[in-house]
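# Close look at the chain arrangement
Below, each chain spelled out in residue letters.
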Amino acid sequence: DAMVIQNPRYQVTQFGKPVTLSCSQTLNHNVMYWYQQKSSQAPKLLFHYYDKDFNNEADTPDNFQSRRPNTSFCFLDIRSPGLGDAAMYLCATSKAQGMNTEAFFGQGTRLTVV
Amino acid sequence: QKEVEQNSGPLSVPEGAIASLNCTYSDRGSQSFFWYRQYSGKSPELIMFIYSNGDKEDGRFTAQLNKASQYVSLLIRDSQPSDSATYLCAVRKAAGNKLTFGGGTRVLVKP
């Protein structure tokens, strides 16, 4: 059974049109991450939550926002998508800080901007 | 200097051989180290993690950690064509929950 679920799997949006990607988890993990991954590049951390505590990466553009209304759900909002925002967006979860707290990934959402 | 560095490859190995992948990290405060495998167009899946110096074996995979040298490696024994993928090294610091990835090493196992 899928434990980290991302919707949709594929999203096509128009240049400048706001878009929201969603992630849900059944693991009851405290930490949720959003990564952006472009072709042949490393997953780049955009931000992460520890419970409701939001941690933004310094180089994450203001165009990217996130919401975590409860433990199970987390959303990535792209306010005005540009062509450079086309990428795979990966959601991951983990338990809170600990040595063997690996991150579990969803299937990802591939975003296309037209 | 990148926080986590890997040779991008491709690393080409014949079927049945050992593939050796390396990863270095810059922050001495790093505590936990993870190896993920990622097939093209798919999300990363965990292979194994290590947090103590030395070797850790799991099936055909062995992770090696040397904190003094800030170096972690992954050995894949008896490589199979299905092992052809990109292998991502990820590092977690002792403080906080941030998980940082290297750029990945692409491995090609040739029959």
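The coordinates are above.
Here is a short report on the structure shown in this document. A quick note: this is a predicted structure, and the numbers were derived from the prediction, not measured. (Residues numbered from 1 in each chain as written. Chains lettered and ligands numbered in written order. Predicted model: local features only at pLDDT ≥ 70, side-chain atom pairs only at ≥ 80, totals over all residues. Heavy atoms only, no water.)

Moving on to the overall build of chain A. A count of helices and strands for chain A gives zero helices and eleven strands. If you list the helices and strands of chain A from N to C, you get β-β-β-β-β-β-β-β-β-β-β. Against the globule reference of 13 Å for 114 residues, chain A gives a C-alpha radius of gyration of 13 Å, in line with a compact fold. Taking the principal axes of its C-alpha atoms as reference, chain A extends roughly 40 × 30 × 30 Å. Taking all 114 residues of chain A together, 49% fall into the buried category. Partitioning the intrachain contacts of chain A with sequence separation of at least 6 by distance along the chain shows that 54% fall at a separation of at least 24. Between the mean site of the 10 positive side-chain charges and the mean site of the 9 negative ones, chain A shows a separation of 6 Å. (Helix = DSSP H or I, 4+ residues; strand = E, 2+ residues; numbered from the N terminus. Rg over C-alpha atoms; globule rule 2.2 N^0.38 Å. Buried < 20%, exposed > 50% of the residue type's maximum accessible area, 1.4 Å probe, protein only. Contact = heavy atoms within 4.5 Å. Lys, Arg positive; Asp, Glu negative; His and termini not counted. Charge placed at Lys NZ, Arg CZ, Asp CG, Glu CD.)

What chain B contains, in helices and strands, is zero helices and eleven strands. Scanning chain B from its N terminus toward the C terminus, one meets helices and strands in the order β-β-β-β-β-β-β-β-β-β-β. A globule of 111 residues ought to have a C-alpha radius of gyration of about 13 Å, and chain B, at 13 Å, matches this closely. Structurally, chain B occupies a C-alpha span of about 45 × 30 × 20 Å along its principal axes. Across the 111 residues in chain B, those meeting the buried criterion constitute 45%.

Here we come to the interface of chain A and chain B. Contacts between the two partners involve 27 residues from chain A and, on the opposite side, 22 residues from chain B. In total, chain A and chain B occlude about 1,900 Å² of area from one another, counting both sides; carbon and sulfur atoms represent 52% of this. The interface formed by chain A and chain B includes one salt bridge. Two residues, Lys98(B) and Glu57(A), come together in a salt bridge whose shortest N-O distance is 2.9 Å. Our enumeration of links across chain A and chain B arrives at eight residue pairs in polar contact (both at pLDDT 80 or more). Taken together, the elements giving at least two residues each to the side of chain A that touches chain B come down to β4 (31-37), β5 (44-50) and β9 (87-94) of chain A. Among the elements that make up the side of chain A that touches chain B, the one with the highest residue count is β4(A) (four residues). Residue classes in the side of chain A that touches chain B are distributed as 13 nonpolar, ten polar and four charged. (Buried area = accessible area lost by both parts, 1.4 Å probe. Salt bridge = Lys/Arg side-chain N within 4 Å of Asp/Glu carboxyl O. Polar contact = N/O pair within 3.5 Å; in protein donor to acceptor, adjacent residues only side chain to side chain. Nonpolar A, V, L, I, M, F, W, Y, C, P; charged D, E, K, R; others polar.)

All names here are of chain B. Both strand β6 (residues 54-58) and strand β7 (residues 61-66) contribute to a ladder of five bridges, which runs antiparallel. Bridged to Gly54 within β7 is Leu65. Sheet topology note: the β7/strand β8 (residues 71-76) ladder contains six bridges and is antiparallel. Looking at the pairing, Ala63 lines up with Leu74 of β8. Two successive antiparallel strands, β7 and β8, enclose a turn made up of four residues, where Gln70 displays a positive phi of approximately 55 degrees. (Pairing = 2+ DSSP bridges.)

The subject of this paragraph is the packing of aromatic side chains. The way to describe two aromatic rings as a pair is by their centre distance and the angle between their planes. Residues and elements named next belong to chain B. Going through the model one piece at a time under the given rule, you end up with 13 aromatic pairs over all chains. Directly above the ring of Phe49 sits Lys56, whose terminal nitrogen or CZ lies 3.7 Å from the centroid. When the ring centre of Phe61 is taken as origin, the NZ or CZ atom of Arg60, which lies over that ring, is 5.5 Å away. (Phe/Tyr/Trp six-rings, centres within 6.5 Å; stacked < 30°, edge-to-face > 60°. Lys NZ or Arg CZ within 6 Å of the ring centre and 35° of its normal.)

The next subject is the nonpolar core. Leu21(B), Trp35(B), Val72(B), Leu74(B) and Tyr87(B) are the most contacted members of the largest nonpolar core, which has 23 residues in total. Those elements giving two or more residues to this core turn out to be β3 (19-25), β4 (30-38), β5 (45-50), β7, β8, β9 (85-93) and β11 (105-110) of chain B. With sequence-adjacent residues up to four places away left out, Tyr87(B) is seen in contact with Gln6(B), Leu21(B), Trp35(B), Tyr36(B), Arg37(B), Ile47(B), Leu74(B), Ile76(B), Gly104(B), Thr105(B) and Val107(B). Cys74(A), Ala87(A), Tyr89(A) and Leu111(A) belong to the second-largest nonpolar core, a separate cluster that totals 18 residues. (Core = buried A, V, L, I, M, F, W, Y, C linked by side-chain atoms within 4.5 Å.)

Residue and element names in this part refer to chain A. Inspection of the secondary structure assignment puts Thr109 in strand β11 (residues 109-113). Sequence separation between Thr109 and Tyr10 is 99 residues, and the spatial gap between their C-alpha atoms is 5.4 Å. Residues contacting Thr109, with those up to four places away along its chain left out, are Gln6, Asn7, Pro8, Arg9, Gln11, Leu21, Ala87, Met88 and Tyr89.

Further remarks concern empty space enclosed by the protein. Residue and element names in this part refer to chain B. If you walk through the whole model with that rule in mind, you get one cavity of 30 Å³ or more. Roughly 50 Å³ of internal volume is contained in the largest cavity. For the largest cavity, the full set of lining residues is Glu3, Val4, Tyr25, Ser26, Asp27, Ser30, Val91, Lys93, Lys98 and Thr100. Classifying every residue of the lining of the largest cavity gives three nonpolar, three polar and four charged. (1 Å grid on protein atoms, 1.4 Å probe; cavity = no way out; pocket = protein on both sides within 12 Å on 5 of 7 lines; lining within 4 Å. Points joined across faces, edges and corners; volume = space filled by probe spheres on them.)

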